[in-house]
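Here is how the chains run, residue by residue.
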Amino acid sequence: MTWHGWLQIAVFLALLVTAVKPLGAYMARVFEGESKFLSWLERPIYRLCGLAKDHEAREMKWTTYAVAMLLFNVVGIVVVYLIQRLQGHLPLNPDGMGAVSADLSWNTAVSFVTNTNWQSYGGETTMSYFTQMVALTVQNFVCAASGMAVMVALIRGIARKTSATLGNFWVDLTRGTLYILLPLSIILALFFVSQGVVQTFSAAQHAGAQVIAVGPVASQEAIKQLGTNGGGFFNVNAAHPFENPTPLSNFVSIFALMVIPAALTYTFGKMVRDTRQGWAVLGAMFVIFLPLLYVCVTQEHGANHALAALNLDQAAGNMEGKEVRFGISGTGLYATATTAVSCGAVNGMHDSFTPIGGFVPLFLIQLGEVIFGGVGAGMYGILMFAIVAVFVAGLMVGRTPEYIGKKIEAKEMKMASLAILVPAASILVFTAIAVATEAGRKGPLNSGPHAFSEILYAFSSATGNNGSAFAGLTANTPFYNTTLGLAMFFGRFFIKIPVLALAGALGQKKIVPVSAGTLPTHTPLFVGMLVGVIIIVGALTFIPALALGPFVEQLS
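The structure reproduced in this document is the subject of the present report. (Residues numbered from 1 in each chain as written. Predicted model: local features only at pLDDT ≥ 70, side-chain atom pairs only at ≥ 80, totals over all residues. Heavy atoms only, no water.)

**Things to note about the packing of helix 7 (residues 169-195) against helix 8 (residues 217-226)**
Where helix 7 meets helix 8, the axes come as close as 8 Å, and the angle between the chain directions of the two elements is 125°. The pairing of helix 7 with helix 8 is recorded here as oblique in orientation. Where helix 7 crosses over helix 8, the two elements pack in a sense that is right-handed. Residues Leu181, Leu184, Ser185, Leu188, Ala189, Phe192 and Val193 of helix 7 pack against Ala218, Ser219, Glu221, Ala222, Ile223 and Leu226 of helix 8. Classifying every residue of the contact of helix 7 with helix 8 gives 10 nonpolar, two polar and one charged. (Axes fitted to C-alpha atoms, helices over the stretch in contact; angles between N-to-C directions. Helix = DSSP H or I, 4+ residues; strand = E, 2+ residues; numbered from the N terminus. Parallel < 35°, antiparallel > 145°, perpendicular 65-115°, else oblique. Left-handed = near helix turned anticlockwise from the far one by under 90°. Contact = heavy atoms within 4.5 Å. Nonpolar A, V, L, I, M, F, W, Y, C, P; charged D, E, K, R; others polar.)

Below, the structure is given as structure tokens:
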């Protein structure tokens, strides 16, 4: 690996850590209602929702909060589905795109509402500008804000004492969109335009026999990264020169997709009134992320032994499926980051990675996408593992476990266990169905272990709400559109509901004073325990499946 590859990664990590505190503190002020500079726009939105001026007093119990969240997202699925089916009759369609098929419309609607942005289609040949902007880009904003709202509700449940309420979903949704995602997206979109990213309503351009697709790309590209959505305007996503034209745009894209998930750890610390807790969580994320990043990048810089027999020069490393303008380091960093934060945008084809290089993004998804996880989702996901970690510690010393002053009892453990086990069950069950049925086996373009990896990756990505793919699977079929849609739905909402139930239970508890027997949850010891729980749960759950895919492919 070259020195400038290491330098790029070092500068990136330094900038990321530097941004954590200021952005995290700002987001804490937003969700605590201290930022008011957009109140002139915020108040009309509340009136539209029927909250009027007393919105802050109308807090919700966890059940009401969950119902509001589910209803909002179900309506989103219906609206996005209908827009796709009717797009041939809607405006902003200069290239005359027709209706999207029923199974693909279902898959795409669930995909964008669940912040997965799995795409079984080529955007430039399937979706009109109206669909791209009004349906998909809007969902990029609100589904990310929905994830942050659930995270904030959980933090309130931890921070409050004997409280029956967790805040108001509509207020949290509005503030996340208005004060965080929208301003940052405007800034980022302008930057992308300066780098050459396309932003136009003109029809596709013709150069002789070649058709050059264009459209409102920069605006979608910005929120796709900041909201950890990942859905690209073009079929090849961030590998397309109109989406990601320069090494600088590539660097900023990676920074944008990681900065909010990383900063939310500090938001968590501020809202529970102990910033050490946030730094401990961030430390656990880096302890797992950095070694996996090293493995991925160094594996791709190594020789592809399958090509050695052809007497091809392997000094440049495995450049198959990678853009020359980004290089191996830029692509390896992108692949590791996008699967760590549940974004799913790609600037290279993971299908072309070496077996172990491809194992890294797959394993990051299977860990629950809590390193660093999606906007909001990663934070509440890793807190589920933190609760399991303190429970294990309590078993070791024979003491009722506590987390930040709240006793962790049977109900809390059941909810945390559900949030961890449901995604694993979805991944493994749907993968088993796919490899056991003819319709599922028709999807992979390869055979043997690599075909199994493509199927396993698809359902891991869908359930984990990541959206990236090995790109060797023909997914636009009724079988995969339906099953992947179900996996996305389960992977999003069957985690959110246990999280909110746990938040409601914690909010009603008293805060237990710290004693000599309390396990500090901000120390290196606890960071080590948290990392161990995440790795062990991931290993025990998925190592048998991984052994059938990337591991056996590496050995062969």
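**Topic: the packing of aromatic side chains**
This model, assessed by the stated rule, comprises 22 aromatic pairs. Taking 4.9 Å as the distance between ring centres and 80° as the angle between the ring planes, the aromatic pair formed by Phe490 and Phe494 counts as edge-to-face. Here the residue Phe490 and the residue Phe494 both occupy positions in helix 18 (residues 478-507), the gap between them amounting to four residues, near one helical turn. Within the aromatic cluster, the residues linked to one another by ring pairs are Phe430, Phe459, Phe479, Tyr480, Phe490 and Phe494. (Phe/Tyr/Trp six-rings, centres within 6.5 Å; stacked < 30°, edge-to-face > 60°.)

**Some words on empty space enclosed by the protein**
Evaluation of the coordinates by the stated rule reveals two cavities of 30 Å³ or more. In this model, the largest cavity occupies a volume close to 390 Å³. Lining the largest cavity are 33 residues; nearest its centre among them are Gly368, Glu369, Ala419, Pro423 and Ile495. Of the residues that constitute the lining of the largest cavity, the class distribution is 17 nonpolar, 14 polar and two charged. Taken as a whole, the second largest cavity holds about 70 Å³ of empty space. Contributing to the lining of the second largest cavity are 13 residues, with Asp95, Met97, Glu124, Tyr129 and Val214 lying nearest its centre. Sorting the residues of the lining of the second largest cavity by element identifies helix 5 (123-126) and helix 6 (129-159) as the ones contributing at least two each. Each residue belonging to the lining of the second largest cavity can be placed in one class, and the counts come to seven nonpolar, four polar and two charged. (1 Å grid on protein atoms, 1.4 Å probe; cavity = no way out; pocket = protein on both sides within 12 Å on 5 of 7 lines; lining within 4 Å. Points joined across faces, edges and corners; volume = space filled by probe spheres on them.)

**Remarks on the environment of Val138**
Its location among the elements puts Val138 in helix 6. With relative accessibility at 40%, the residue Val138 sits in the partly exposed group. A C-alpha to C-alpha distance of 21 Å links Val138 and Asn244, two positions 106 residues apart in sequence. (Buried < 20%, exposed > 50% of the residue type's maximum accessible area, 1.4 Å probe, protein only.)

**Quick look at the state of the cysteines**
Here the structure, examined in full by the defined rule, presents zero disulfides. This cysteine, Cys143, is not joined by any disulfide, and Cys343 carries the nearest cysteine sulfur, 11 Å off. On the basis of relative accessibility, which here comes to 1%, the residue Cys143 falls in the buried class. Residue Cys296 stays outside any disulfide, its sulfur separated by 15 Å from that of Cys343, the closest cysteine. Residue classification places Cys296 among the buried residues on the basis of a relative accessible area of 0%. (Disulfide = S-S within 2.5 Å.)

Keep in mind these numbers describe shape, not what the thing actually does.
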